[in-house]
Amino acid sequence: MNVSTTLSNPNSKDSPSQRLMQITPRPAAVMARGAGSWLWDEAGRRYIDCLQGWAVNALGHSAPEVTQALAAQAQLLITPSPALHNRPQLEFAQLLTQLTGMDEVHFSNSGAEANEVAIKLARKWGRLHKAGAHHVISTHNGFHGRTLTTMAVSGKPGWDALFPPYPSGFHKVAFGDLSAMAEAITDQTVAIMVEPVQGEAGVVVPPDGYLIGLRKLADERNVLLIFDEIQTGIGRLGAFTASELFSVAPDIMTLGKGIGNGLPLSATLSTRAVSCFEYGDQGGTYNGNPLMTCVGQAVVEVVKQPEFLAHVTVMGECFRERLMDLSGRFAVEEVRGFGLLNAVRLSKANAVDIVQSAFELGLLVNAARPDVLRFMPSLRITQAELDVVFDRLRQAFELNT
């Protein structure tokens, strides 16, 4: 067998790509290395990346702070046991609670796992303090992960038919509709769970006053407010968290994606009044291991700096201005976003075609919906790199008009 031929033909039955379960369409190119806003494939072709692993690379590909933290910690201790303390975990817990205003944190490996922990914590609180209330109200088009429980709480269209039966006790209402949320709350409701800005749905921004209204409603009806900040946290919107940006404090907050800059790390934070786990209620073999938490601390030490967050805000404004310029020339119905989480809604359902053309031009973007393009670049993207992004995006639009 000619190995090089097999590797270059992904459709061959002997290709390594055919050994992967087919869960998503992928182009034939194999990515080999990355630096900042750029990716290179094995053929040496360079792409400017506005995916960044679905918003995970807050500092860009192979950020030096991350590689240095990994190299140093790997020489000391990779993981002792979740039954033992380690210094990076303790220091990172202190840093995160200080920055978020929360009291306690549990570290996990993924956003979905962090959200599972949040739901478990809310239900334990409901059993202890609200006569066993356990229902969670979330929103249509919300996205909270791909475990059975986080799929049950998500509102992504079509998911209810994929792997039934799902765990029960979840109800969904329209995002942005306070009246619908109020009407849905019963004596069995323990929590409201929302993304402050819906990411997977195509960067859907909440109406003015909505998040503050949820906080007021939760207080009035004695239910918990959970903010899923997997995508909106760690500086993505131009503040350290969306909670800070919108001046709303949840009872439970989840962080992921950018927290590890591409490495498996997430966090569930809560107020002390809600933190009610007992020994044995929650665990995880790799939770809080020093290799990951030292990376998290390295990332957050950069992102928390006022000048870094100011850069995200300024570049986000530039990004939306450039998108608005495109909307004056092409079939764009709406530009939306905060910071460096942005999207355009198209007048035609041709987002996938534009994504394909962009890829061929050396630009990576995401079709969040058939008529929505989503952009999640490195938070360190520069003006010069923005010029490249929009030159290639303009060409992709021209090829699909």
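Residues numbered from 1 in each chain as written. Predicted model: local features only at pLDDT ≥ 70, side-chain atom pairs only at ≥ 80, totals over all residues. Heavy atoms only, no water.

**Student:** How should the sheet that holds strand 5 (residues 135-139) be read in this particular structure?
**Tutor:** Whenever strands of a sheet pair, they do so through backbone hydrogen bonds, lying parallel or antiparallel. The strand order across the open sheet formed by seven strands is 4-10-9-8-7-5-6, and the pairing between neighbours is mixed. Edge positions in the sheet fall to strand 4 (104-108) and strand 6 (170-173), since each of these pairs with one other strand and no more. Between one strand and the next, the sheet's axes are offset by a mean angle of 20 degrees, whatever the strand orientation. One ladder, built from four bridges, connects strand 9 (residues 252-255) with strand 10 (residues 266-270); its direction is antiparallel. Paired with Leu-255 across the strands is Ala-267, a residue of strand 10. (Pairing = 2+ DSSP bridges. Helix = DSSP H or I, 4+ residues; strand = E, 2+ residues; numbered from the N terminus. Axes fitted to C-alpha atoms, helices over the stretch in contact; angles between N-to-C directions.)

**Student:** Which parts of the structure should I look at to understand the packing of aromatic side chains?
**Tutor:** Think of a pair of aromatic rings as described by two things: how far the centres are apart, and how the planes are tilted against each other in angle. Within the structure shown, the criterion is met by eight aromatic pairs. Measuring from centroid to centroid gives 5.3 Å for Phe-330 and Phe-397, while their planes differ by 25 degrees, and the two rings are stacked. A residue pair is termed long-range when its members are at least 10 positions apart, and Phe-330 in the loop between helix 11 (306-327) and strand 11 (332-338) and Phe-397 in helix 13 (residues 383-398) qualify at 67 residues. Here the two residues Phe-330 and Phe-397 agree in accessibility, since each one is buried. An aromatic cluster is present here, built from Phe-319, Phe-375 and Phe-390 joined pairwise through their rings. (Phe/Tyr/Trp six-rings, centres within 6.5 Å; stacked < 30°, edge-to-face > 60°. Buried < 20%, exposed > 50% of the residue type's maximum accessible area, 1.4 Å probe, protein only.)

**Student:** What should I look at first to understand the packing of helix 4 (residues 87-100) against helix 10 (residues 290-303) in this one?
**Tutor:** Think of two packed helices as two axes; the pair is described by the angle between the axes and how far apart they sit. As a packed pair, helix 4 and helix 10 sit with axes 8 Å apart at the nearest point and diverge in direction by 35 degrees. Between helix 4 and helix 10 the crossing geometry is left-handed. Taking contact as the criterion, the partners of Pro-88, Gln-89, Glu-91, Phe-92, Leu-95, Leu-96 and Leu-99 in helix 4 are, on helix 10, Pro-290, Thr-293, Cys-294, Gly-296, Gln-297, Val-300 and Glu-301. When its residues are assigned to classes, the contact of helix 4 with helix 10 shows eight nonpolar, four polar and two charged. (Left-handed = near helix turned anticlockwise from the far one by under 90°. Contact = heavy atoms within 4.5 Å. Nonpolar A, V, L, I, M, F, W, Y, C, P; charged D, E, K, R; others polar.)

**Student:** It is not clear to me how unusual backbone geometry should be interpreted in this structure. Could you clarify?
**Tutor:** As a rule of thumb, non-glycine residues mostly have phi less than zero, and peptide bonds are mostly trans rather than cis. With an omega dihedral of 0 degrees, the bond running from Pro-164 to Pro-165 counts as a cis peptide bond. You can see Pro-165 is positioned in the loop between helix 6 (148-153) and strand 6. We note that Gln-52 has phi near 45 degrees; this positive angle belongs to a residue other than glycine. Relative to the helices and strands, Gln-52 resides in helix 2 (residues 52-55). For Gln-52, a relative accessible area of 0% translates into the label buried.

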